[in-house]
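Report on the structure
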Amino acid sequence: MRTGPHSAAAQACLPLVAHADPRSVAAWRRGEPVTAGRLLADVRRAAQAMPEGGHVLNLCADRYAFSVALLAAVTRRATTLLPPATTPAVIAAMRDFAPGTGFVSDNDADLPELPRIPLAFSAPGDPESGTVPLVEGSRVAAIVFTSGSTGAPQPHAKRWASLVRNAAAEAGRLGIAGPGHAILGTVPPQHMFGLESTVLLPLLTGAALTAERLFYPAEIDEAIRRVPPTRILFTTPFHLRNWLDSGTTGRLETIVSATAPLSESLAREAEARTGATVLEIYGCTETGQLATRRPTVSAQWHAYDGVRLREEDGRTWASGGHIEEPTALSDVIEIDPGDAGLFHLRGRAADMVNIAGKRNSLAYLNHQLAAIPGVVDGVFHFPDEARPEGVTRLVAFVVAPGLTPDAILAALRSRIDPVFLPRPLVMLDALPRRATGKIPVEELRRLAARAASSRQREDA
Amino acid sequence: MMADPVDNPPAARPHADESLVREIAEQVVSALNLEVSPGKIDPQAPLYREGLGLDSIDILEVALVVSKRYGFKLRDDDQENLRIFRSLESLAATVAERRTK
């Protein structure tokens, strides 16, 4: 039995959504408001198909469908699984993790060997629901997976009380009072940042979520136009740069960026052109959100209330607040000597890569490469980034005498998220390994430079 | 609930000629810094995944370049994305159909 400050909250029951008035707006779908009473009726309908106490792989891209399925699963004590990618290897790993798991999706694509759980909504004429179900705080509502550093995705269990506390901390920091706030996002709900900010933040504070996953710049413009203020857009530096480059004249109240460092210059441009306050969140899948800053005001990060950082064994650990267990972070962090809640980010740990906001470890990618039959040796290399919001791709050096580069790419495609596929994939007779088995990073840089210059010769 | 107005493709699509296909191939290669020569891209091969191997990050970059060069905005759901970016030829057909410049 756990003791300590978390145990009391963990025993208590907490509401499924914070919208006390069933007539309040819980969501916007294509510019149309959906009341909390309708949302709860949809949750009750969808819950009929959920496996009591089982697992549900939630692949919905539409945030309303995602939320209905998530909440419906919670009311049936079922745990929602959120994978880091939807490659066949990851789906197979989900099946291994929870045999018998079904999946919900808002498109028709079926998954081999996984049963589909039908997602039915209430009909327009059906009565709305005025009752907000209660959820035990200790219940594991979701398991968010990271790719980890070995072969299998790593599970991170999220208990309801912790998610509620996380949402409250975020709302407090961002000044989101609940009703009257519309939450927009370009980030998918399956990723921790998208889950906590574009789904749970509105559901658990009484704000309104928006159903559409915004992709193209024109969709962001349209979404801003058709919901009333106060509008908060959750995005990444990559999507924000793409949106501003489109020449948008959209204006809104708040922009929140996460998943990769936002440069001060991009933040300044975004504030000047959109009229928004631009804030940045730092966090990771393991802990959820940890801190915020406003890049145009200060480079220093302010941890959420109760969250504290400390250094141990050369790593930085986060604890307190909504964090259930002390967790080592995968970034290089400089803690303010006078205040354990203030810090600067000094870069990512050597093993971590971040491509357009998606994170992975080189150890995991190398493991996936080595596991391909016919690959004798192989290593991924992350070239030095040109600019923070640009997209830098990985290079892979592979020894595989019997395989073509296309065959290796096809095998990798079934194992890893496409953004991590190597560009280029360079075939070699041997890798320059030292006696220890390690390859010095200078050797990888030299190989990458040589590959680039030989391509230029081919083009000439 | 009201359905969103969608752009229904006309029965007979404007023909995307070879020079437009080539022009778009050059823009895709240059925007994404690809290692393939524009003339070597099979106009009917998939742009996503197998084939040219583009992902959603690339699609956003290409959409930005195409919208600036041809003066129309892409605003579609994921299914529509898959159709437009199915091949160089289908992207060129969309450009030919919707371009304003």
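Rules behind the numbers
Residues numbered from 1 in each chain as written. Chains lettered and ligands numbered in written order. Predicted model: local features only at pLDDT ≥ 70, side-chain atom pairs only at ≥ 80, totals over all residues. Heavy atoms only, no water. Helix = DSSP H or I, 4+ residues; strand = E, 2+ residues; numbered from the N terminus. Buried < 20%, exposed > 50% of the residue type's maximum accessible area, 1.4 Å probe, protein only. Contact = heavy atoms within 4.5 Å. Areas by Shrake-Rupley, 256 points an atom, 1.4 Å probe, with all protein chains shown as cover. Rg over C-alpha atoms; globule rule 2.2 N^0.38 Å. Core = buried A, V, L, I, M, F, W, Y, C linked by side-chain atoms within 4.5 Å. Pairing = 2+ DSSP bridges. Axes fitted to C-alpha atoms, helices over the stretch in contact; angles between N-to-C directions. Salt bridge = Lys/Arg side-chain N within 4 Å of Asp/Glu carboxyl O. Buried area = accessible area lost by both parts, 1.4 Å probe. Polar contact = N/O pair within 3.5 Å; in protein donor to acceptor, adjacent residues only side chain to side chain. Nonpolar A, V, L, I, M, F, W, Y, C, P; charged D, E, K, R; others polar. Arc of directions from axis to C-beta. pLDDT = per-residue confidence, 0-100. Right-handed = clockwise from strand over helix to strand, strands pointing away.

Section: the overall build of chain B
Within chain B, the regular secondary structure consists of four helices and zero strands. When its helices and strands are written in sequence order, chain B yields α-α-α-α. Residue burial in chain B is summarised as follows: out of 101 residues, 45% are buried. Expressed as a percentage of contacts within chain B between residues at least 6 apart in sequence, the contacts between residues at least 24 apart total 65%. For chain B, the computed accessible surface area is about 5600 Å², with 49% contributed by carbon and sulfur atoms.

Here we look at the overall build of chain A
On a plain count of helices and strands, chain A comes out with 12 helices and 26 strands. For 460 residues, the compact-globule estimate of 2.2 N^0.38 gives 23 Å, and the C-alpha radius of gyration of chain A, at 23 Å, lies within 12% of that figure. C-alpha extents for chain A along the principal axes are approximately 70 × 50 × 50 Å. Within chain A, the proportion of its 460 residues that are buried is 55%. Put simply, chain A shows about 18700 Å² of open surface, and 53% of that area lies on carbon and sulfur atoms.

Comments concerning the environment of Thr94(B)
Residues and elements named next belong to chain B. Here threonine 94 is to be found in helix α4 (residues 88–98). A residue is classified by how much of its surface remains accessible, and threonine 94, at 2% relative accessible area, is buried. Counting along the chain gives 20 residues from threonine 94 to leucine 74, while the straight-line C-alpha distance between them is 9.8 Å.

So, the side chain of Ser122(A)
All names here are of chain A. When you line up the elements, serine 122 lands in the loop between β6 (102–104) and β7 (134–136). Serine 122 sits in the buried class, given a relative accessible area of 13%. Residues contacting serine 122, with those up to four places away along its chain left out, are Arg38, Ala41, Asp42 and Arg45.

What about the nonpolar core?
Core analysis: the largest hydrophobic core is formed by 54 residues, its most contacted members being Phe380(A), Leu394(A), Ile24(B) and Phe85(B). Those elements that provide at least two residues to this core are β22 (352–355), α10 (362–370), β25 (395–399) and α11 (405–413) of chain A together with α1 (18–32), α2 (56–70) and α4 of chain B. If you look at the next biggest cluster of nonpolar residues, it comprises 45 residues, including Ala142(A), Val144(A), Leu195(A) and Leu209(A).

So, the sheet that holds strand β26 (residues 425–427) of chain A
Residue and element names in this part refer to chain A. As summarised here, the arrangement of the three strands in space is β24-β25-β26, forming an open sheet in which the pairing is mixed. Looking at strand neighbours, the two that pair on one side only are β24 (377–381) and β26, the edges of this open sheet. On average, adjacent strands in this sheet sit at an angle of 15° to one another, irrespective of strand direction. Summarising the sheet, β25 and β26 pair through three bridges and their orientation is parallel. Across the sheet, residue valine 398 finds its bridge partner in β26, namely methionine 427. Together, β24 and β25 form the strand contacts of α10, whose direction differs from that of β24 by roughly 150°. Of the strands in this sheet, β24, β25 and β26 touch α11, which is tilted by about 135° from β26.

Some remarks on the pattern of salt bridges
Residues and elements named next belong to chain A. Tallying each qualifying case throughout the model produces 29 salt bridges over all chains. Between glutamate 280 and arginine 293 there is a salt bridge, with its nearest N and O atoms 2.7 Å apart. A residue pair is termed long-range when its members are at least 10 positions apart, and glutamate 280 in strand β14 (residues 277–284) and arginine 293 in strand β15 (residues 288–293) qualify at 13 residues. By relative accessible area, arginine 293 is classed as buried at 14%.

Re the interface of chain B and chain A
Counting residues at the interface gives 28 residues for chain B, matched by 29 residues for chain A. Note on chain B versus chain A: buried area summed over both sides is about 2500 Å², and carbon and sulfur give 56% of it. Between chain B and chain A we count four salt bridges in total. The tally of links from chain B across to chain A stands at seven residue pairs in polar contact (both at pLDDT 80 or more). For the side of chain B that touches chain A, the secondary-structure elements that each account for two or more residues are α2 and α3 (78–84) of chain B. No other element matches the nine residues that α2(B) contributes to the side of chain B that touches chain A. Its residues assigned to classes, the side of chain B that touches chain A shows 11 nonpolar, four polar and 13 charged.

Some details on α10(A)
Residues and elements named next belong to chain A. Along α10, the residues classified as buried are Leu362, Tyr364, Leu365, Gln368 and Leu369. An end-on view of α10 places all buried positions within 160° of arc, on one side of the element. As for α10, its buried residues are in contact with β22, β23 (358–361), β24, β25 and α11.

A look at the sheet that holds strand β16 (residues 301–303) of chain A
Residue and element names in this part refer to chain A. The strand order across the open sheet formed by 11 strands is β3-β2-β11-β10-β12-β13-β14-β15-β16-β21-β20, and the pairing between neighbours is mixed. Whereas interior strands pair on both sides, the edge strands pair on one side only; in this sheet they are β3 (32–35) and β20 (331–335). Averaged over all pairs of adjacent strands, the angle between strand axes in this sheet comes to 30°, irrespective of strand direction. Bridge count for strand β13 (residues 254–257) against β14 is four bridges, and the pairing is parallel. When the sheet's bridge partners are listed, serine 257 is paired in β14 with glutamate 280. Helix α3 (residues 63–75) contacts β2 (25–29), β3, β10 (182–185) and β11 (208–210) of the sheet and is inclined by roughly 125° relative to β11.

Comments concerning the confidence of the model for chain B
Residues and elements named next belong to chain B. Mean pLDDT over chain B works out to 79, with 80% of the residues at or above the 70 mark. Of all helices and strands in chain B, the one with the weakest mean pLDDT is α3 (72), whereas α4 scores best (91). pLDDT under 50 marks residues 1–13. Its contacts with residues more than four places away, or in other chains, come to 13 contacts. Predicted as a complex, the structure gets a pTM of 0.87 and an ipTM equal to 0.74.

A closer look at the pairing of strand β5 (residues 79–82) of chain A
Residues and elements named next belong to chain A. Taking every second residue as pointing to the same face, both faces of β5 are buried, with Thr79 and Leu81 on one and Thr80 and Leu82 on the other. One crossover worth recording links strand β4 (residues 55–58) to the parallel β5 by way of α3, and it is right-handed. Bridge count between β5 and strand β8 (residues 140–146): three bridges; the pairing is parallel. Bridge pairing links threonine 80 to alanine 142 in β8.

What about unusual backbone geometry?
All names here are of chain A. Each neighbour pair has its own omega, and for proline 229 with threonine 230 the value is 10°, a cis peptide bond. Of the consecutive residues arginine 423 and proline 424, the connecting peptide bond is found in the cis state with omega at 5°. Within the element layout of this structure, proline 424 appears in the loop between α11 and β26. Its identity is not glycine, yet arginine 30 carries a phi of approximately 50°, on the positive side. Structurally, the position occupied by arginine 30 is in the loop between β2 and β3. Its identity as a non-glycine residue notwithstanding, alanine 356 has a phi of 50°, on the positive side. Within the secondary structure layout, alanine 356 lies in the loop between β22 and β23.

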